[in-house]
Amino acid sequence: MTGKMNGHYGIPLSLKYFVAKRTPFIFTFEPYVSAPGFSNFNPFMVYYNFNGGFAYYFDFY
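Residues numbered from 1 in each chain as written. Predicted model: local features only at pLDDT ≥ 70, side-chain atom pairs only at ≥ 80, totals over all residues. Heavy atoms only, no water.

With that settled, the discussion passes to the pattern of salt bridges. The final tally for this structure, using the stated rule, is one salt bridge. In this structure, D59 engages R22 in a salt bridge whose closest nitrogen and oxygen atoms are separated by 4.0 Å. Here D59, found in the segment after β4 (46–54), pairs with R22, found in the loop between β2 (13–20) and β3 (23–34); they are 37 residues apart in sequence, far enough to count as distant. Here R22 falls in the partly exposed class, since its relative accessible area comes to 30%. (Salt bridge = Lys/Arg side-chain N within 4 Å of Asp/Glu carboxyl O. Helix = DSSP H or I, 4+ residues; strand = E, 2+ residues; numbered from the N terminus. Buried < 20%, exposed > 50% of the residue type's maximum accessible area, 1.4 Å probe, protein only.)

Given below as structure tokens:
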């Protein structure tokens, strides 16, 4: 995508659920709007990002 710039404003909302002591499932939802001055700017369109995944926290003593 040479020559195209993208930018946006959004507020990510996350939920973390521990399935085990050090292993959470993290779900993130982010509604966002395009930023003025970038190639995909549309002031009346709201976009959404969804992410989910597992993490593992290591313990070092």
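There is more to say, and it comes next.
A cluster of nonpolar side chains, contributed by Y9, L15, Y17, V19, F25, F27, V33, V46, Y48, F50 and F54, occupies part of the molecular surface with about 1200 Å² of accessible area. Broken down by secondary-structure element, the contributors of at least two residues to the nonpolar patch are β2, β3 and β4. The leading source of residues in the nonpolar patch is β4, at four residues. Here L15 shows up in strand β2. (Patch = residues over 30% accessible without salt bridge, like charges linked within 9 Å, V, L, I, M, F, W, Y side chains within 5 Å. Areas by Shrake-Rupley, 256 points an atom, 1.4 Å probe, with all protein chains shown as cover.)

Note that all results are geometric; they support no functional claim without further evidence.
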